[in-house]
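# Residue-level structure breakdown
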Amino acid sequence: MNVAVREPRAEAAERLMVVDCDIHPNPRSPADVGQFLPQRWRQHMATFGSLSREMYSDTIGYPRMAPAISRADAWPPAGGPPGSDLEFMRLQHLDPNGVEIGNLIPLTTRGPDQRNLDCAAALCTALNDWQIAYWLDKEPRLRGSILVPHEDPAAAVAEIERRAADTRFVQVLLPPRTAEPLGRRRYRPIFAAAVAAGRPVALHVGGQGGHCVTGTGWPSYYIEEHHSNVHSMQSLLTSLVVEGVFEDFPDLKVVMVEGGFAWVPPLCWRLDAQWKRFREEVPHLKLLPSEYVRRNVWFTTQPIEEPERPDDLADVISWLGVDRLMFSTDYPHWDFDHPRQVFGGILGAREKAQVFRDTAKALYGY
Amino acid sequence: MTRDNVSAAPGVEAVGAPFACAPIDCDVHPAVPSIRALLPYLDEVWRQTITLRGIDRLALNLTSYPANAPASVRPDWRAPGGRPGTDLALLQRQALDDFGTRFAICNVMHGAQLLHSEDMCAVLCTAINQWIARELLDRDPRLRASILIPLESPGLAVEEIERCAADPRFVQVLFYVMGGMPLGRRCFWPIYEAAVRHGLPIGVHAGSGYRHPPTSIGWPSYFMEDYVAQSAAFETQLLSFVAEGAFARFPELKVVFIESGFAWLPPFMWRAAKTWRGVRAEVPWVKQAPPDLIRHHLRLTIQPTDAPADPRALDRTLDQIGSEDMLLFSTDYPHAHFEGTQALPRVLADRLGAKVLAENALATYTRLRPQPSQTEVSQ
């Protein structure tokens, strides 16, 4: 499950240069982020701590199968949790894997999900400042994500506007699991601000909406909870399309991160077929659901689905459109996808260039 | 493409009656006309309770199944003056005669299965099952039925299964796909033990009692979203059966997903297999890869066939499913999924023929095979 795989170092000339759309940086300690909090919120966190919608304050209700959800070999020799040591990240990931650009997606501090909305806003601002000081100022290959307090759309818009001038922040980050489905009207100002700022919205699996992780009750095992994230992505894509977000914002670019992608074509078939039966209910949709997906949505590749017959993935990619896919590793997490192993032989050279680099460069305007 | 010409966009090409052999329709929906119609099947105490509380004036329609929406009833299958599916003569002509149907499995969807009161739930399920035997099964030898059980009371559910199983025309136990807990959980196992003992597959039909929001991201705004979300719930249930070890514990258990769609199955199996390889230490009783377990235990009805017009996509989906035994013919009468009698996508007709039309159903529902006691009951 969590075996370290050591690779011989590739020669520079043979390296595949990649854009990695999903790297998880961690604070070495809470103080790394805390120093950017106003005294009032630093004191609040010290006194009360996180108030989220999760049962446990330090993990999800389904304890993970690996410490810090991470590769066993990703713990920095100098100490601190995986993803907290830039020099080690360079040595273990950015350099040997030919990462030309890497998008940071900070997850571990429960900032955006705080029920106390003022606290959420303060934490998001601090986490964005922390990205600048600890990562973006120090490593030109890395790009940041704008964390926002999504349950307070006005504060989220203010945070997007605050960061808009810093082009190293390449996207707005939202979780799929929110208090209401993100397609609901209350969240529209956030999408409007992202479009105005010229930033895609990245939707990375996770979040704490406080709802049961399935539509039919709480499962027992982590293997089920892990999979339920795919269903959240399916519901989220359904929500964004059916509730008319892409009708309101035709220029909005959405990147779905770490949800896989093989489920997308069958979901689009289902949406199209059912739309014909429910069209009187949703007259605001002017296009087939699949057409919005083709126009407005991209998907990162990890954790890539592995069919029993590897060629089946080629069918899926042809249905989805290879131009919808962008490579990601999920470093330093345990289900990391390696750039030299991930697609086997199913992509040609031109398609590889698209998936590993060109589509992301065009989308993000690197 | 604009909204107006989209509706004319072709769906998947399908063939209609007469089929290559008489089909077994694994999803037909007769309906109980009213709670009042159940009063003759209740004892005096319950009859009074139901009447005094005004429950006899209700239908207990599930919100997740809007009875009048186009999705729930095809315009030409509307029962004049009654709820869809309440006119047996109409159903016999439209759902049976027109398709040349050999057997049709009646899934009488009823909100009573989801009542919070365990007692009222069980009593009404019993009444509905008795109504089914009298008003449907006794009146047409082509009809078979699923047993309604109180979904959150395994003990009472087993009692109801034992009671109904004596009648071989009951061929399945019926669940809604969205209930209070995932169906693999061990509290449900007495139900599966009883079902296996009597040769009854577990049917899981689309629909939600809203015990939880229908999606893990909260309450959507539209019926369409709720409907689309059913497939995620089916995936959840499938993974629950696998992860809890229900399939390992009951090697003979058959689970039939009804009105689930099936194009979602291959990517689900790939993801389930990959995650299982990574974290199977958590569920050591799962010794076979999930796709192998699923192919052995799961069957799915074919309507709705959520597939694009290009037949190659459905063709490749069948390859990916990797079994010819899993798909079961269904019309989902009177719900609207297709025109005329064109319930069988051409790709399925060409590749699976009699298997999808009847043989797979006969292999799944052992009670459809001729049995000595069946003749006695029919007489």
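Conventions adopted
Here, residues in each chain are numbered from 1, in the same order as that chain's written sequence. Each chain takes a letter, starting from A, and each ligand takes a number, starting from 1, following the order in which they are written. Per-residue local features of the predicted model are confined to residues with pLDDT of at least 70, and side-chain atom pairs are confined, for both listing and counting, to 80 or more; whole-chain, interface and lining totals are unaffected and use all residues. A run of DSSP states H or I qualifies as a helix once it reaches four residues; a run of E qualifies as a strand once it reaches two. Both are numbered from the N-terminal end. A radius of gyration in this sense is built from C-alpha atoms; the matching globule rule multiplies 2.2 Å by the number of residues raised to 0.38. Here a residue counts as buried when 20 or more other C-beta atoms fall within 10 Å of its C-beta, as exposed when 12 or fewer do, and as partly exposed in between; the C-beta atoms come from the backbone. Contacts are defined on C-beta atoms placed from the backbone: any two residues whose C-beta positions lie within 7 Å are in contact. Where helices are involved, their axes are fitted lines through C-alpha atoms of the stretch in contact, as for all axes, and angles between N-to-C directions lie from 0 to 180°. Between 65 and 115 degrees an angle is taken as roughly perpendicular, under 35 as roughly parallel, over 145 as roughly antiparallel, and anywhere else as oblique. Think of it this way: DSSP has to see at least two bridges between two strands before they count as a pair. Here the expected span of a helix is defined as 1.5 Å times the quantity of residues minus one. What we call the bend at a residue is the angle made by axes fitted to the seven residues finishing there and the seven residues starting there. Under the definition applied here, buried Ala, Val, Leu, Ile, Met, Phe, Trp, Tyr and Cys residues are grouped into a nonpolar core through C-beta atoms within 7 Å. Scored from 0 to 100, pLDDT reflects the predictor's confidence in each residue. When the strands point away from the viewer, a crossover counts as right-handed if the route from the first strand across the helix to the second turns clockwise. Here the term charged refers only to Asp, Glu, Lys and Arg, the term nonpolar to Ala, Val, Leu, Ile, Met, Phe, Trp, Tyr, Cys and Pro, and the term polar to all other amino acids, Gly among them.

## Here's the deal with the overall build of chain A
Secondary structure assignment for chain A yields 12 helices and eight strands. The C-alpha atoms of chain A give a radius of gyration of 20 Å, which matches the 21 Å a tight globule of 366 residues would have. Projected onto its principal axes, the C-alpha positions of chain A cover 55 × 50 × 45 Å. Taking all 366 residues of chain A together, the buried fraction comes to 52%. Sequence-distant contacts, at least 24 apart, represent 81% of the contacts inside chain A between residues at least 6 apart.

## Considerations on the overall build of chain B
Check the secondary structure of chain B and you find 13 helices and 10 strands. In terms of overall dimensions, chain B has a C-alpha envelope of 55 × 50 × 50 Å along the principal axes. Here chain B holds 379 residues, and 55% of them are scored as buried.

## As for helix 11 (residues 311–321) of chain B
Every α-helix winds through 3.6 residues per turn, so residues three or four apart in the chain are directed the same way. Taken residue by residue, helix 11 of chain B has Ala313, Leu314, Arg316, Thr317, Leu318, Gln320 and Ile321 of chain B as its buried positions. Buried residues along helix 11 of chain B sit in contact with helix 11 (312–320) of chain A together with helix 9 (265–279), strand 10 (344–345) and helix 12 (346–364) of chain B. Phi for Gly322 of chain B, located one or two positions after helix 11 of chain B, is positive at around 75 degrees.

## Considerations on the packing of helix 5 (residues 153–163) of chain A against helix 6 (residues 188–196) of chain A
All names here are of chain A. Close contact between helix 5 and helix 6 brings their axes to 8 Å; oriented N to C, the two are set at 10 degrees. Here helix 6 runs roughly parallel to helix 5, going by the angle between their axes. Taking contact as the criterion, the partners of Pro153, Ala154, Ala156, Val157, Ile160 and Glu161 in helix 5 are, on helix 6, Pro189, Ile190, Ala193 and Ala194.

## Description of the sheet that holds strand 3 (residues 142–147) of chain A
All names here are of chain A. Pairing is parallel in the open sheet, where eight strands are placed in the order 1-2-3-4-5-6-7-8. The sheet terminates laterally at strand 1 (18–23) and strand 8 (325–326), the two strands that pair on one side only. Note that strand 4 (residues 169–174) and strand 5 (residues 201–204) share three bridges and pair parallel. Residue pairing in the sheet places Val172 in a bridge with Val201 of strand 5.

## Some remarks on helix 12 of chain B
All names here are of chain B. Compared with an ideal rise of 1.5 Å per residue, which puts 19 residues at 27 Å, helix 12 spans 23 Å between its outermost C-alpha atoms and falls more than 12% short. If you look at helix 12, its biggest bend is around 110 degrees, right at Leu352. Along helix 12, the residues that are buried comprise Val347, Leu348, Leu352, Val356, Leu357, Ala358, Asn360, Ala361 and Thr364. Looking at the buried residues of helix 12, the elements they touch are strand 2 (24–28), strand 7 (255–258), strand 8 (298–301), helix 11, strand 9 (327–328) and strand 10.

## Quick word on the nonpolar core
Residue and element names in this part refer to chain B. Core analysis: the biggest nonpolar cluster contains 217 residues, and Ile128 and Ile161 have the highest contact counts within it. Looking at this core element by element, the count peaks at 13 residues for helix 7 (residues 223–244). Leave out the neighbours within four places in its chain, and Ile128 touches Val32, Leu38, Val108, His110, Ala112 and Leu148.

## Quick notes on the confidence of the model for chain B
Residues and elements named next belong to chain B. On average, residues of chain B score 94 in pLDDT, and 95% of them are at 70 or above. Of the regions scoring below 50 in pLDDT, residues 1–8 engages in 10 contacts with residues more than four places distant in sequence or in other chains. Low confidence marks residues 374–379, where pLDDT is under 50. Its contacts with residues over four positions away, or in another chain, come to five contacts. In the predicted complex, the global pTM is 0.95; the interface-specific ipTM is 0.95.

## A closer look at the sheet that holds strand 6 (residues 202–208) of chain B
Spatially, 2-3-4-5-6-7-8-9 (chain B) is the arrangement adopted by the eight strands of the open sheet, whose pairing is parallel. Of all strands in the sheet, those bounded by a partner on one side alone are strand 2 and strand 9 of chain B.

## What about the pairing of strand 4 of chain A?
Strand residues, when the strand is regular, have side chains that alternate between the two faces of the sheet. Residue and element names in this part refer to chain A. The element strand 4 is extensively covered by neighbouring structure, given that six of its six residues are classed as buried. Viewed along the sheet, the connection from strand 3 through helix 5 into strand 4 turns out right-handed. After leaving strand 4, the chain enters helix 6 and then returns to the sheet as strand 5, a path that is right-handed.

## Considering the interface of chain B and chain A
If you look at the interface, chain B gives 68 residues, while chain A gives 66 residues. Mapped by element, the contributors of at least two residues to the side of chain B that touches chain A are helix 1 (3–6), strand 5 (170–178), helix 7, helix 9 and helix 11 of chain B. Looking at the side of chain B that touches chain A, the element that brings in the most residues is helix 7 of chain B, giving 16 residues. When grouped by side-chain class, the residues that make up the side of chain B that touches chain A number 38 nonpolar, 19 polar and 11 charged.

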